[in-house]
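Fold and contact review
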Amino acid sequence: MIFLYHSLFSNELKLLKAYYICAMNEGSQPTVCVIGGGAAGFFGAITCAEYIRDAQVIILEQTQTVLNKVKISGGGRCNVTHACFEPKELVQFYPRGQKELLGPFFKFQPKDIFDWFEYRGVELKTEKDNRVFPVSNQSSTIIDCLVESAKANNVKIWNQTKITDLFQDKNNKWHLRTGNGHNIIADAVLVATGSSPYIWEVLGKFHEIVEPVPSLFTFNIQHVILSDLQGITIPHVEINIDGHKLQTEGPLLITHWGLSGPAILKMSAWGARLFHAMDYRFSIHVNWTGLKTNEVERILMKQKIDQPKKQIVNSPLFDIPSRLWKNLLNYTKIDTSTLWSQLDDYQLQRLKMILTRCTFKVNGKSTFKDEFVTAGGVVLEEVDFRTMESKKMKNLYFAGEVLDIDALTGGFNFQAAWTTGYLAGIAIANRFE
Ligand SMILES: Cc1cc2nc3c(=O)[nH]c(=O)nc-3n(C[C@H](O)[C@H](O)[C@H](O)COP(=O)(O)OP(=O)(O)OC[C@H]3O[C@@H](n4cnc5c(N)ncnc54)[C@H](O)[C@@H]3O)c2cc1C
């Protein structure tokens with residue numbers, strides 16, 4: 001039973017007049033407080049409550065509603081996970097957390113998410129690109145399932161309860177202070193606050209926090225080659241950064257403001273810290289063909305021999321859309337009436353260069369509205385990834401984006417939240433069983 005009482009709290013005078021919401025019970029039931037009603041918090045709370053039925057598990061959520069990011073995720077469809085069932089392959093999608101998540105993925109991975117939701121009546125489907133969604137195509141299906149599972153296991157959900165501070169007493173009990181002056185006492189705390197700068201500041205007294213920076217964004221570029229091409233997709237490009245080893249490949253999308261698409265989003269994730277340090281001003285090289293330079297040269301020469309009478313402008317190569325092909329030719333000053341047979345060595349070299357190393361100056365970033373995350377958070381070396389417990393503070397656990405973990409777009413970020421939430425829930429249950 002949860003009740004309120006006034007109490008003195010010896011080591012914090014300013015709390016003298018505060019209410020305590022004492023979550024301790026008359027019996028020996030442990031109280032587990034989960035800070036944050038997002039994907040990781042719900043998964044941790046439900047798992048914990050399923051494993052120790054007599055525990056009191058409470059989700060403390062600062063806003064009026066829970067699972068707000070799940071709701072808007074995947075364009076309202078919720079890209080729940082990614083159909084990649086080999087942990088060693090799966091971790092390759094995590095620029096931060098790659099090493100640490102390997103063990104956890106051997107314990108709880110996308111296959112388990114299929115089972116978890118299907119056991120609770122939610123069917124999932126895998127799309128061509130291996131992203132996984134509910135068959136309903138509605139994120140509300142996932143939300144309803146999580147909320148109902150929480151209720152079925154007597155997990156309490158306290159909305160509009162912002163945690164503003166936490167500390168541990170000498171008996172290892174945790175004291176959580178709420179924004180409206182209440183204090184909650186718990187045996188264990190799972191911090192699942194996502195990318196909350198406020199909580200990172202509070203946690204700074206126990207843990208090192210890696211500076212948070214945005215990940216998964218698009219590049220702002222103004223360039224004549226890209227003008228009037230918004231909406232065009234190039235199926236396979238390769239992107240490099242000037243002076244760095246970073247390289248990504250995949251489809252590229254030209255937008256009103258610059259470049260987007262999987263190749264750019266991957267680059268933004270792998271280079272999140274680097275780009276932040278450069279104030280999002282740097283140069284990139286796009287290889288529109290995705291092929292090696294000598295292979296491109298060979299294909300151009302062959303075209304010259306095979307199609308001598310064709311106009312270059314009318315015979316785009318390498319799956320490059322014709323409007324982009326035309327812009328590239330204009331940029332290299334190859335006249336639109338030129339035939340393949342008329343292409344001289346100098347022009348051929350210029351064409352090869354623009355196709356394989358087309359340089360753009362990036363000047364800022366834009367939000368990728370379908371999915372974005374924060375790189376940074378609780379430093380991973382200070383967390384035991386077998387249990388998700390802090391190595392510094394007993395009975396303090398972490399799950400989800402509050403950790404310095406983030407992934408590429410495609411369902412991997414939720415998978416990290418489910419896996420770490422699950423492991424934390426099991427570990428807390430084991431501790432108090
Ligand atoms: C637009 C968008 C779309 C996305 N789509 C996808 C997708 O399709 N697939 C995918 O894998 N990932 C997606 N992501 C990323 C994914 O949403 C996050 O990685 C995931 O939500 C992280 O879960 P979490 O539980 O750690 O944090 P969150 O979901 O952010 O939940 C944290 C919760 O803690 C609460 N909180 C914070 N501080 C306090 C406090 N002091 N006291 C009490 N409560 C607090 C917050 O209000 C919030 O409800 C998307 C992200 C965005 C922004």
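Presented here is an overview of the structure given in this document. (Residues numbered from 1 in each chain as written. Predicted model: local features only at pLDDT ≥ 70, side-chain atom pairs only at ≥ 80, totals over all residues. Heavy atoms only, no water.)

A closer look at the site of the ligand
If you check the shell around the ligand, you find 34 residues, and the closest are Ala40, Glu61, Asp370, Glu401 and Phe414. Take isoleucine 163: an N or O atom from its main chain is 3.0 Å from a nitrogen atom of the ligand. Between an oxygen atom of the ligand and a main-chain N or O atom of phenylalanine 414, the distance comes to 2.7 Å. Here the ligand has 1000 Å² of accessible area as a free molecule, and 95% of this is covered by the chains. Listed by contribution, the elements that provide at least two residues to the shell around the ligand are α1 (39–51), α2 (68–76) and α13 (412–432). (Near = heavy atom within 4 Å. Polar contact = N/O pair within 3.5 Å; in protein donor to acceptor, adjacent residues only side chain to side chain. Areas by Shrake-Rupley, 256 points an atom, 1.4 Å probe, with all protein chains shown as cover. Helix = DSSP H or I, 4+ residues; strand = E, 2+ residues; numbered from the N terminus.)

Comments concerning the sheet that holds strand β5 (residues 81–82)
Strand order across the open sheet formed by 3 strands is β5-β7-β6, with antiparallel pairing between neighbours. On the outer flanks of this sheet lie β5 and β6 (124–126), each paired with one strand and no other. The pairing of β5 with strand β7 (residues 131–134) spans 2 bridges and is classified as antiparallel. Among the inter-strand pairings, threonine 81 is bridged to a residue of β7, identified as valine 132. (Pairing = 2+ DSSP bridges.)

Here's the deal with the sheet that holds strand β20 (residues 365–367)
Remark on secondary structure: sheet strands pair via backbone hydrogen bonds, oriented parallel or antiparallel. Sheet architecture is open: 7 strands sit in the order β19-β18-β15-β16-β17-β14-β20, paired in antiparallel fashion. Two strands in the sheet have a free side with no partner beyond their single neighbour: β19 (358–363) and β20. Taken over all neighbouring pairs, the strand axes of this sheet differ in orientation by 40 degrees on average, direction set aside. Relative to β20, strand β14 (residues 217–220) runs antiparallel, the two being bridged by 3 bridges. Counted as the bridge partner of phenylalanine 217 is threonine 367 from β20. Here helix α8 (residues 262–270) sits on the sheet and contacts β14, β15 (233–241), β16 (247–254), β17 (258–260) and β18 (281–287); the angle it forms with β16, its principal contact strand, is near 130 degrees. (Axes fitted to C-alpha atoms, helices over the stretch in contact; angles between N-to-C directions. Contact = heavy atoms within 4.5 Å.)

Read these as spatial facts, not as claims about activity.
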